[in-house]
Amino acid sequence: MKARVSVHRDFKISTIDDRIYSAFLEHLGRAVYGGIYEPGHPTADADGFRGDVLDLVRDLNIPLVRYPGGNFVSNYDWMDGIGPRDKRPTRLDLAWRTTETNEIGTDEFMRWCRKANTEPMMAVNLGTKGFTEALALLEYCNHKGGSYWSDLRRKNGASHPYGVKVWCLGNEMDGPWQMNHRTAYEYGRIANEVARGMKTFDASLQLVACGSSHANMPTYPDWEREVLEECYDNVDYISLHTYWQNYESDSLNFLAKTVLLDRYIGTVSGVIDYVKAKRRSRHDVHISFDEWNVWYHSRKPDGSNDDGKDAFWRTAPPILEDVYNFEDVLLVGCALNTFIRRSDRVRVACIAQLVNVIAPIMTENGGPAWKQTTYYPYQFASLYGRGDAMNVAVDCPTYDAKVADDVPYLDVAAVRAPDARMLTLFMVNRHPTEALSIDVDLAGFDATEIAQHISIANSDLGATNTAKHQNRVVPTKGQGVGLRDGRVGGQLAGRSYHVIRIRI
Ligand code: AHR
């Protein structure tokens, strides 16, 4: 099989917003307790944060971490999670039917963000709470002092405001599973009022309204239209979520699902444009794809989140702990490529989630922390996928899958580094067996050498990294690709992931 690819120096899609490499951390299962926080752990610091996890998180260079939910936020009272720990109430979390001790709350999360070299993206509860609590949290976090909530923050030990810039107005409010779920009109009205209040406090805040939980929701894409018709001029992003499954073990079909991701982004971009035109607005709304990942290894085909153990009302039970395999590397690689190619519309994207719960990082309580297979494509995109997303033309064989026709075997994104000295190609060969012979024309780039070629391949699609075998799926030095007369050529093995960094 042959693939012709063309990238031209003068044709870029957009300057990538680094925040498309963000992540998500929810009070769910062992994400917080046993994930980022475990006071008794040998690597724990004075705040009880696991040092081994912090190291793995820092190596990802994550711009934003969305917190505290997720479904959790829609029945969460942030006021439970501040002040002296011995006074904090233990509550039932209705989203995951577990018990929340509130040992970790807003102040601890902000401290962890500083240690992790990342910024918070806070979600407010627009399910069981509303305007008053959202504005109080904003004042608590961002006002310098001299008011009730800001003085309380100071009393709780944080003299400087946290300066949280990006705020989610609730979570998945289109979902009947959400506590105090609403219709699009009801939600749009509340989102608009809360957004107006928050922007009165600080017009520079960036606010995210809830879009669809996935593209198969019965209300999609009318939900986006109705919500935006209510709040368009007061919000900056509409959120989208999606998770992928491969219950049928149909790899080609599974890997075709990022074509639907592209379509989802395209459709919602169209809805945004429609509402903008209808309102004669000059304001731009972008997409915050703030939950995406593979999620099915720990889940039943009916969608229930039960991992076979009884999670009911336990504290930090091990739920939603997907163990990712090599096949997932390929899918996550294609998803990240899609966000790069759509970076003109997608300005924030969060892999969901960060630790233990459908996450690139896994831990054992009292034991090691390690990299899941999917850690690597996420890390490489975050490290090398910053700068300009370049236009890529691809001519290669395609296949018809159950979910989409004409799926190209080669998935590719190209990014020119901010200093314009490196061009990085992210490539996935979806074909199960056949190598792709690539010929990449780099017109106008003056390519001098291939600085680095990283590849991930494995003869076993189901290969995983576990506590015992942490390095079954790891990146290796790529082979068989070279630069000749300014063109990149060579062979990409069937089912392989590549990062090719070209000095320009
Ligand atoms: O990430 C797990 C859950 O998936 C989140 O809590 C929710 O927003 C989504 O349905």
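Quick notes on the rules
- The written sequence of each chain sets the order in which its residues are numbered from 1.
- Where totals are concerned, whole chains, interfaces and linings use all residues; where local detail is concerned, this predicted model gives features only for residues with pLDDT of at least 70, and gives and counts side-chain atom pairs only at 80 or more.
- To get the side-chain values, all heavy atoms of the structure are used, and hydrogens and water are removed first.
- For helices, the fitted line uses only the C-alpha atoms of the stretch in contact; every axis is such a line through C-alpha atoms, and the angle between N-to-C directions lies from 0 to 180 degrees.
- The helix and strand labels rest on DSSP assignments: H or I over at least four residues marks a helix, E over at least two residues marks a strand, and numbering proceeds from the N terminus.
- A clockwise turn of the near helix away from the far one marks a right-handed crossing, whereas an anticlockwise turn of less than a right angle marks a left-handed crossing.
- Here a residue-residue contact requires only that any non-hydrogen atoms of the pair lie within 4.5 Å.
- What marks off one domain from the next here is an automatic or database domain assignment.
- Each of two parts loses accessible area, computed with a 1.4 Å probe, when they are put together; buried area is these two losses added.
- Salt bridges are defined as contacts in which a side-chain nitrogen from Lys or Arg sits within 4 Å of a carboxyl oxygen from Asp or Glu.
- N or O atoms closer than or at 3.5 Å make up a polar contact, with two conditions inside protein: a donor-capable atom paired with an acceptor-capable one, and, for residues adjacent in sequence, both atoms drawn from side chains.
- Summary of the burial criterion: residues with accessible area below 20% of their type's maximum are buried, those above 50% are exposed, and those between are partly exposed, where the area comes from a 1.4 Å probe applied to protein chains only.
- Our arc is simply the arc of the directions from the helix axis toward the C-beta atoms.
- DSSP-based pairing: two strands are paired if at least 2 bridges between them are found.
- Patch rule: a residue counts if its relative accessible area is over 30% and it has no salt bridge; like charges are joined within 9 Å, and nonpolar side chains (Val, Leu, Ile, Met, Phe, Trp, Tyr) within 5 Å.
- Per-residue accessibility takes into account occlusion by the displayed protein chains alone, with areas from the Shrake-Rupley method and a 1.4 Å probe.

### A closer look at the packing of helix 5 (residues 184-201) against helix 6 (residues 222-231)
Two numbers describe how helix 5 lies on helix 6: the axes approach to 8 Å, and their chain directions differ by 35 degrees. At the point where helix 5 passes helix 6, the crossing takes the right-handed sense. Seen from helix 5, the contacting residues are Ala184, Tyr185, Tyr187, Gly188, Arg189, Ala191 and Asn192; seen from helix 6, they are Trp223, Glu226, Val227, Glu230 and Cys231.

### Notes on the domain arrangement of the chain
As a measure of interface size, the accessible area lost when the parts come together is often cited. According to the domain assignment, the chain contains domain 1 (2-10 + 389-503) and domain 2 (17-384). If you look at the interface, domain 1 gives 40 residues, while domain 2 gives 36 residues. Where domain 1 abuts domain 2, roughly 3,200 Å² becomes buried across the two surfaces, and 68% of that area is made up of carbon and sulfur atoms. Its largest share of buried area at the contact with domain 2, domain 1 owes to Val403, Arg430 and Leu461, together 17% of the area lost on that side. If you look at where domain 1 meets domain 2, you find 2 salt bridges. For the interface between domain 1 and domain 2, the tally reads 15 residue pairs in polar contact (both at pLDDT 80 or more). At the level of elements, strand 17 (410-416), strand 18 (422-429), strand 20 (449-457) and strand 24 (496-503) are the ones that each hand at least two residues to the side of domain 1 that touches domain 2. Tallying contributions element by element places strand 17 first for the side of domain 1 that touches domain 2, with 5 residues.

### Section: helix 6
Residues of helix 6 that are buried include every one of Trp223, Glu224, Val227, Leu228 and Cys231, and no others. When helix 6 is viewed along its axis, its buried side chains cluster within an angular range of 115 degrees and face the same direction. The secondary structure elements touched by the buried residues of helix 6 are helix 5, strand 8 (206-210), strand 9 (237-244) and helix 8 (257-278).

### Regarding the pairing of strand 10 (residues 286-294)
In terms of burial, strand 10 is a largely internal element, 9 of the 9 residues being buried. Bridging between strand 9 and strand 10 involves 7 bridges; their strand directions are parallel. If you follow Ile238 over to strand 10, its bridge partner there is Ile287. Examined bridge by bridge, strand 10 and strand 11 (residues 346-352) share 4 bridges and lie parallel to one another. Paired with Phe289 across the bridge in strand 11 is Ala349.

### So, a nonpolar patch on the surface
There is a patch of nonpolar side chains on the surface, built from Leu92, Leu94, Phe312 and Trp313 and spanning about 390 Å² of accessible area. Checked against the element boundaries, Trp313 lands in the loop between strand 10 and helix 9 (326-341).

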